[in-house]
Amino acid sequence: MFKRWGILIILGLLGGLLILTIPVLAANEGIVTGTIVNVREGPGQDIKAQVKIGQTLPILAEKNGWYQVCVHTGLDGWISGEYFSPIIKNITVTGNTVNLRSGPATTYKQEGQVKAGQALVVLAEKDGWYQVLSPQFKKVWICANYVEEKEIASSVKGSVVIITNVLNVRQGPGTNYPELTKIGLNERHQALESKNGWYKIKVNNLEGWVSGDYVEFIAETTGETPARDNVAPKEVLIVPLAAEKTFIVVDRAGKPEIVLEGWSAEEFNLIQEGSTLIFELQGPSTRKYEGKLERLGITRVNVYPRGEKVIVELDFNFQPDSKIGATDAQKKTLIRLGVLPISTKGLQNRLIVLDPGHASIQPGGGLDPGAIGTRLKLQEKDVNLGVALKLKTILEKAGAKVVMTHTGSTNLTLAQRAGVANSLQADVFVSIHADSGKPGVSGHTTYFYAPSSHNVLGAQRAQRLRLATLVQRELVKSGGRRDIGVREENFAVLRETRVPSILVETAFLTDRIEEVLLSQDWFQEKLAEGIANGLRAYFN
């Protein structure tokens, strides 16, 4: 996944009560118009993914009525134009109540209405009329006299300074767009405009987009970075649930806030389960919606009716700290979200042995590098050590006692690495690796080993499986890559340990995107946080 569009979405409610806002788009994007549509290896070839109606996808190429699109980070394929339409422009309704018609004239049958403020995407133009996608995802026509073109970007004066080791420059403002080039730490480039938390910059003779999460903007007039409190809040998700009842997610300079409109303090309930917030909102609704806001750390949004209530579930890649404000006379409530530190419950005084994979001293004096990246030639041993050291810091802050099998190189055999945990009678043993495989294979995997035929390991099967399952769950939440799952394999370090043990394959060095991610401190930190959260859940 992936990792971060700040987009505005409003999905339509059956019966025409509610309005629909389509994501803010660039000109080289299109929208899925079929209910469930196949994405194929090539025009008419094998299926490699599926997309749903209303999804917006960057267009890479067009051929004989087929469009090559990016479905998510690292995956592209072809979709039939029968079920997919390029977007010409974005418009907003200006008339109070405007008719939608089956054709581009008032003589055509009325197909519904939209109200002022409704955002729509234009698929075609004819004789002063626009073909648009209705709130019910039907192709209809609207008179151009009652709409205006929606501005989606703003110019900026200044430059950006890169604050991460390696940063992708992309063709558009989102991780789904193809990569143009890479830039590095402390480079400074002219900023041309900003959109949805991204900056368009000029790199030599190229113009491309970079995420605002990894740059510092320097205003031309003052030479200073704008303070977070001075950045205007931006509504990035608006979900009408019933008449005058709306659930809103706000981006306040990269931090999420929730706004509830239409409920008194007694009409809603907020429940937190780990990194998930669950809103129980009084009143019936037929609304169903699934999505995510990765840039704000929201990995899943799920809206669905349950009896006389509507439920909104938000999954985060951090532990949210919710502060509910007062509900005003207009039944509007602001909920600010902070970040809770990793709980020390369960980790206090636990003895954990960490084993950064590979880095064994070879007969010739060199170190076993492990897998080697195909793009940056990144060595696995360096990635493993980086993640392990970050994990050690997190665990020790939470009160655990951590022992490393090495901190850069070792003469220990695999059995002897496991022996460190055995001799210390550690609570758990965690071996950290980066994976390799065929091109296109990516994601997180966690391994355990506990054959029922083995007296010691078989007796620990439930513990080892639970440890692997919890770490894998939290690793996927934090790292955000594909969930390959929990697997059982006869690896030496797992076979030789006599305490609960796992081997974590954090991501693939042979994947062109994941190798770049593994090279960056922020991603290694995310992996470490995920493993730490899994260990904490295990000890709880």
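Provided above is the structure to which this section pertains.
A brief report on the enclosed structure follows. (Residues numbered from 1 in each chain as written. Predicted model: local features only at pLDDT ≥ 70, side-chain atom pairs only at ≥ 80, totals over all residues. Heavy atoms only, no water.)

1. Overview of the overall build of the protein
Turning to step 1, where the next piece is worked out: Along the protein, the regular secondary structure elements total seven helices and 37 strands.
Turning to step 2, where the next piece is worked out: Taken across its 540 residues, the protein has 54% of its residues classed as buried.
Turning to step 3, where the next piece is worked out: A total of about 23800 Å² of accessible surface is found on the protein, and carbon and sulfur atoms cover 47% of it. (Helix = DSSP H or I, 4+ residues; strand = E, 2+ residues; numbered from the N terminus. Buried < 20%, exposed > 50% of the residue type's maximum accessible area, 1.4 Å probe, protein only. Areas by Shrake-Rupley, 256 points an atom, 1.4 Å probe, with all protein chains shown as cover.)

2. Some points on the pairing of strand 29 (residues 309-316)
Turning to step 1, where the next piece is worked out: Of all eight residues in strand 29, seven are buried, a share of seventy percent or more.
Turning to step 2, where the next piece is worked out: Across seven bridges, strand 26 (residues 276-282) lies against strand 29 in antiparallel orientation. The residue of strand 29 that forms the bridge with L277 is L314.
Turning to step 3, where the next piece is worked out: Relative to strand 29, strand 28 (residues 298-306) runs antiparallel, the two being bridged by eight bridges. Of the residues in strand 29, the one forming a bridge with V303 is V312. (Pairing = 2+ DSSP bridges.)

3. Regarding unusual backbone geometry
Turning to step 1, where the next piece is worked out: Positive phi values are uncommon outside glycine, yet D127 reaches one of about 50 degrees.
Turning to step 2, where the next piece is worked out: For D127, a relative accessible area of 65% puts it in the exposed group.
Turning to step 3, where the next piece is worked out: Of note in this structure, A359 is not a glycine but carries a positive phi near 70 degrees.
Turning to step 4, where the next piece is worked out: You can see A359 is positioned in the loop between strand 32 (351-356) and helix 1 (380-397).
Turning to step 5, where the next piece is worked out: A359 sits in the buried class, given a relative accessible area of 1%.

4. Here we look at the nonpolar core
Turning to step 1, where the next piece is worked out: The biggest cluster of nonpolar side chains holds 43 residues, and the ones touching the most others in it are I352, L395, V430, L518, I531 and L535.
Turning to step 2, where the next piece is worked out: Within the residue set of this core, elements represented by two or more residues are strand 32, helix 1, strand 33 (401-404), strand 34 (428-435), helix 4 (461-479), strand 37 (501-508), helix 6 (512-518) and helix 7 (521-539).
Turning to step 3, where the next piece is worked out: Ranked by residue count, the leading element in this core is helix 7, at nine residues.
Turning to step 4, where the next piece is worked out: Grouped together as the second largest cluster of nonpolar side chains are 27 residues, V239, L260, V310 and F318 included. (Core = buried A, V, L, I, M, F, W, Y, C linked by side-chain atoms within 4.5 Å.)

5. Focus: the packing of helix 4 against helix 7
Turning to step 1, where the next piece is worked out: In contact at an axis separation of 7 Å, helix 4 and helix 7 are set at 145 degrees when each is read in the N-to-C sense. Read as a crossing pair, helix 4 and helix 7 show a hand that is right-handed. Contact with helix 4, carried on its side by Q463, R466, L467, L470, V471, R473, E474, L475, S478 and G479, involves F523, K526, L527, E529, G530, I531, N533, G534, L535, A537 and Y538 of helix 7 and no other residues of that element.
Turning to step 2, where the next piece is worked out: Looking at the contact of helix 4 with helix 7 residue by residue, the class counts come to 10 nonpolar, six polar and five charged. (Axes fitted to C-alpha atoms, helices over the stretch in contact; angles between N-to-C directions. Left-handed = near helix turned anticlockwise from the far one by under 90°. Contact = heavy atoms within 4.5 Å. Nonpolar A, V, L, I, M, F, W, Y, C, P; charged D, E, K, R; others polar.)

6. A short note on the side chain of Q131
Turning to step 1, where the next piece is worked out: Along the polypeptide, Q131 turns up in strand 12 (residues 129-133).
Turning to step 2, where the next piece is worked out: Ignoring sequence-local partners within four residues, the contact set of Q131 consists of V121, V122, L123, A124, K139, V140 and W141.

7. Looking at the pattern of salt bridges
Turning to step 1, where the next piece is worked out: For the coordinates displayed, the defined rule picks out 21 salt bridges.
Turning to step 2, where the next piece is worked out: Note that D355 is salt-bridged to R417, the shortest N-O span being 2.9 Å. Note that D355 is positioned in strand 32 and R417 in helix 2 (residues 414-424), a separation of 62 residues in sequence. (Salt bridge = Lys/Arg side-chain N within 4 Å of Asp/Glu carboxyl O.)

8. Points about helix 1
Turning to step 1, where the next piece is worked out: An ideal rise of 1.5 Å per residue puts 26 Å on 18 residues; helix 1 measures up with 26 Å between its terminal C-alpha atoms.
Turning to step 2, where the next piece is worked out: Taken together, the buried positions of helix 1 are occupied by E380, K381, V383, N384, L385, G386, V387, A388, K390, L391, I394 and L395.
Turning to step 3, where the next piece is worked out: Next to the buried residues of helix 1 lie strand 32, strand 33, strand 34, helix 6 and helix 7.
Turning to step 4, where the next piece is worked out: Once helix 1 finishes, G399 follows within two positions and takes phi at roughly 100 degrees, a positive value. (Expected span 1.5 Å × (residues − 1).)

9. Points about the packing of helix 1 against helix 7
Turning to step 1, where the next piece is worked out: Two numbers describe how helix 1 lies on helix 7: the axes approach to 8 Å, and their chain directions differ by 50 degrees. Classified by the angle their axes make, helix 1 and helix 7 are oblique. With respect to the hand of their crossing, helix 1 and helix 7 are arranged in right-handed fashion. For the pair helix 1 and helix 7, the contacting residues are V383, G386, V387, K390, L391, I394 and L395 in the first and D521, Q524, E525, L527, A528, E529, I531, A532 and L535 in the second.
Turning to step 2, where the next piece is worked out: For the contact of helix 1 with helix 7, the class distribution of residues is 10 nonpolar, two polar and four charged. (Parallel < 35°, antiparallel > 145°, perpendicular 65-115°, else oblique.)

10. Overview of the pairing of strand 11 (residues 119-126)
Consecutive side chains of a regular strand alternate in pointing toward one face of the sheet and then the other.
Turning to step 1, where the next piece is worked out: By the bridge criterion, four bridges tie strand 8 (residues 89-93) to strand 11 in an arrangement that is antiparallel. Bridge pairing in strand 11 links N90 to V121.
Turning to step 2, where the next piece is worked out: Bridge count for strand 11 against strand 12 is four bridges, and the pairing is antiparallel. Considered in strand 12, the bridge of E125 is made with Y130.
Turning to step 3, where the next piece is worked out: The antiparallel pairing of strand 11 with strand 12 creates a hairpin that spans two residues between the two strands, and D127 there sits at a positive phi of about 50 degrees.

11. Overview of the packing of aromatic side chains
Turning to step 1, where the next piece is worked out: Going through the model one piece at a time under the given rule, you end up with six aromatic pairs.
Turning to step 2, where the next piece is worked out: Judged by centre distance (5.3 Å) and plane angle (70 degrees), the rings of F247 and F279 are edge-to-face. In this pair, F247 sits in strand 23 (residues 245-252) while F279 sits in strand 26, placing the two residues 32 residues apart along the sequence. Note on accessibility: F247 and F279 belong to one class, buried.
Turning to step 3, where the next piece is worked out: Seen from their ring centres, Y447 and F491 are 5.1 Å apart, and the 70 degrees between their planes marks the pair as edge-to-face. On the criterion of sequence distance, the pair formed by Y447 in strand 35 (residues 444-448) and F491 in the loop between strand 36 (483-488) and helix 5 (492-496) is long-range, its members being 44 residues apart.
Turning to step 4, where the next piece is worked out: Taken together, Y214, W522 and F523 form an aromatic cluster joined through their ring pairs. (Phe/Tyr/Trp six-rings, centres within 6.5 Å; stacked < 30°, edge-to-face > 60°.)

12. Thoughts on the sheet that holds strand 34
Turning to step 1, where the next piece is worked out: Spatial strand order, 33-32-34-37-35-36: six strands in an open sheet with mixed pairing. With one partner strand each, in any of the chains shown, strand 33 and strand 36 form the two edges of the open sheet. Neighbouring strand axes in the sheet, compared pairwise and without regard to direction, differ in orientation by 20 degrees on average.
Turning to step 2, where the next piece is worked out: The pairing of strand 35 with strand 37 spans three bridges and is antiparallel. Note on strand 37: the bridge partner recorded for Y447 is L503.
Turning to step 3, where the next piece is worked out: Sheet strands touched by helix 1: strand 32, strand 33 and strand 34. Its angle to strand 34, the strand with the most contacts, is close to 140 degrees.
Turning to step 4, where the next piece is worked out: Here helix 7 sits on the sheet in contact with strand 32, strand 34, strand 35 and strand 37, set at roughly 150 degrees to strand 34.

Coordinates in, geometry out; function isn't part of it.
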